[in-house]
Amino acid sequence: MVRRRRLGLTGIALAVALVATACGGGGGGGGAASSGQAQRGGVFRTALDDFGLSDGYDPTGEYNSIGFNSFHAILRTLMSTKMIGGTDGNKLYPDLAAAQPTISGDGLTYTFKLRPNVKFGPPVNRAITSRDIEYAFERINTAPLVAQYGSYYCGTIKGMDCQAKSPQPISGIDTPDDSTIVFHLEQPTGDFLYRLAMPATAPIPQEVAKCFTKAGDYGRFVIASGPYMIKGSDQLDISSCKAMKPISGFDPSKKLLLVRNTAYDQSSDDLRSNFVDGVQITVDTNVNDIFNRVESGALDASYVNQPPKTILARYVTDANKRKFLHADSSDQTWYITMNLDQPPFDDIHVRKAVNLVMDKAAILQAWGGQVWGQIATHIMPPTVLGNQLTQSYDPYGSAGFHGDVNKAQAEMKQSKYDTDKDGVCDAPDCKNLVIVTRNVAPFTDMEPVVSASLSKLGIEVKPRELATSAAYQTIQTIKNKIPIAMHPSWIKDYADPFTFAYVLFAGKAINPTGNVNYSLVGMTQQQASTFGVQYPGSIPSVDADVAACEKLAGDDPNRTTCWVNFDKKLMEQVVPWVPYLWSNNITLTTPSLTRYVYDQSSSYISLTQIAVNNKLNTSSLS
């Protein structure tokens, strides 16, 4: 599975300690950026340095956080969120569905009724039917279209294997009439409703999409089902495949312009407020220029790029600017990963000792202080676990999060790598270990902290600083045998812990390349032989734990409890990581943004809930 992308962090470490009180938005994400009242009208103006698309903006395959965020304004799905902040922003509600589905007693059949009178936008301008939703799944199931998170559906819905040569009817999906769709599953899947809120499942009109048979090609022809459409959609000629030219409002190298969908009926939508008349997202490769334009008021807010340190420092230290700084939980964990296949980290006592000795407080300072997030004490962010497991659970904690050398060395004494039992590794396996990291701040700034912490245990590391893509490719290739890395992170696909648990820790999710189970939890001896690495004798598996939690129904309170216990087991009995930060997404706004709302489900500003008073109209979009 290709991982959902977020723009990388560069140059964000600050010379000053940023405090939590500097955060203007907070986790709730519903606060106003100025004293003005929310009103309809105006154009929300923002910019980014690169769309960074993974599949050309085609909803079938696009696996990019920018896509997830903006598709909330363009597309509707059977289920969705309210695109607000905090744990409430992770809750699901019917969207295209008229109500919650009827679910069979065995959890294998889901039956939905659609809302009446919901239409595709121009130029299709017809009612959306159950067949349009089924067609979206046909596209997911089509191998040449490369549905990048198709594994959430293939192997789950009967008849889906993501290997079809072209869109074909799926045996596990019935559409008995235009307003009914029925899904038949292979096994109970407690988070299935969350999977039905992902953009790939939004209805797609076959009369347009049938013309695009290669991955990503539909991305410049996306037909709206939500409150906004790509500007110029009404000029698209769909009389034939040859007649269609890319919709003018989207050019991945320059812009994404959204205007109101003239076929949209607000009365059919309980989730979106849709205050603004339009959205203008332009490409500006100069990140400093983007934030200077925000500061000057030429843009209403930043979008996905994180502010350079000099600009952020001004917002932190100037009380007049501080109210325009919003730091919201991104449901993302940054961590140091240890390879259970490579010495000395094949010894659980070493892994526990590393957790005990790590100076997380100093790491946070290297990042720039508390504005960047909260010190992580376990695997999954509290918001993903419904705040049932918070920072108060800290199995390796010390006062002030500075690490406890005495406890760490006591743990190291139990390791096979400390033969004289003095609390310091004396084996050659602890010398000159390669530790992979990225060659930009904050990773270069936290590198001395991590190295110094490890040295207290006799673990001497040799940092290998690489460009972002190379750093990830290096640790995602199993035969490279990387023992430890300090730059990985993980952000949820949707608000269920399964999106952390399975991909990161399931043995059957391990791949020889593109692997993100960096610790190789659950790897078998047979897999090790196939991957060309030596099996250390035994590696703990949590596959049964993942399966046990996943089969519980989404509304079963025992499901969250199960995942909480799973997180604790990872931290206490498996110990694959040193989690060090639950990070924030930082957005800077201006007085022209009269309502700031954060979209927890996509981890960016909510395009469907914000409001502006800049008095611009959509004729200004270009």
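To keep things clear, this report deals only with the structure shown in the data block. Only a predicted model underlies this, so the values are computations on that prediction, with no experimental measurement involved.

This brings us to the state of the cysteines. Throughout the structure, instances matching the rule amount to four disulfides. In this model, Cys154 is linked to Cys162 through a disulfide, with the two sulfur atoms separated by 2.0 Å. What sets the handedness of the Cys154 and Cys162 disulfide is the S-S torsion sign, and at about 85° it is right-handed. Of the residues examined, Cys154 reaches a relative accessible area of 14% and is grouped as buried. Owing to a relative accessible area of 17%, Cys162 belongs among the buried residues under this scheme. Put simply, Cys425 and Cys430 are joined by a disulfide, and their sulfur atoms are 2.0 Å apart. Taking the torsion about the S-S bond as the criterion, the Cys425 to Cys430 disulfide, at about 90°, is right-handed. Look at Cys430 and you get buried, because its relative accessible area is 0%.

Let's shift gears to the packing of aromatic side chains. This model, assessed by the stated rule, comprises 27 aromatic pairs. Note on Phe505 and Trp577: the rings are 5.3 Å apart at their centroids and 45° apart in plane angle, and the pair reads as tilted. With Phe505 in helix H13 (residues 498–505) and Trp577 in strand E18 (residues 577–588), this pair connects stretches of sequence that are 72 residues apart. The rings of Tyr63, Phe68, Tyr110, Phe112, Phe137, Tyr149, Tyr152, Tyr153, Phe183, Phe192, Tyr194 and Tyr494 are connected pair by pair, giving a single aromatic cluster. Taking the ring centre of Tyr393 as reference, the NZ or CZ of Lys568 above it sits at 5.5 Å.

Here we come to the packing of helix H9 (residues 360–367) against helix H11 (residues 443–455). Packing of H9 against H11 brings their axes to within 8 Å, and their N-to-C directions diverge by 160°. Regarding the angle of H9 to H11, the classification is roughly antiparallel. Handedness of the H9/H11 crossing: right-handed. In this structure, H9 contributes Ala362, Ile363, Ala366 and Trp367 to the contact, and H11 contributes Phe443, Asp445, Met446, Val449 and Val450. When grouped by side-chain class, the residues that make up the contact of H9 with H11 number eight nonpolar, no polar and one charged.

Procedures and definitions
- Residues numbered from 1 in each chain as written.
- Predicted model: local features only at pLDDT ≥ 70, side-chain atom pairs only at ≥ 80, totals over all residues.
- Heavy atoms only, no water.
- Disulfide = S-S within 2.5 Å.
- Buried < 20%, exposed > 50% of the residue type's maximum accessible area, 1.4 Å probe, protein only.
- Phe/Tyr/Trp six-rings, centres within 6.5 Å; stacked < 30°, edge-to-face > 60°.
- Helix = DSSP H or I, 4+ residues; strand = E, 2+ residues; numbered from the N terminus.
- Lys NZ or Arg CZ within 6 Å of the ring centre and 35° of its normal.
- Axes fitted to C-alpha atoms, helices over the stretch in contact; angles between N-to-C directions.
- Parallel < 35°, antiparallel > 145°, perpendicular 65-115°, else oblique.
- Left-handed = near helix turned anticlockwise from the far one by under 90°.
- Contact = heavy atoms within 4.5 Å.
- Nonpolar A, V, L, I, M, F, W, Y, C, P; charged D, E, K, R; others polar.

Interpretation note: all reported values are geometric properties and have no functional meaning in isolation.
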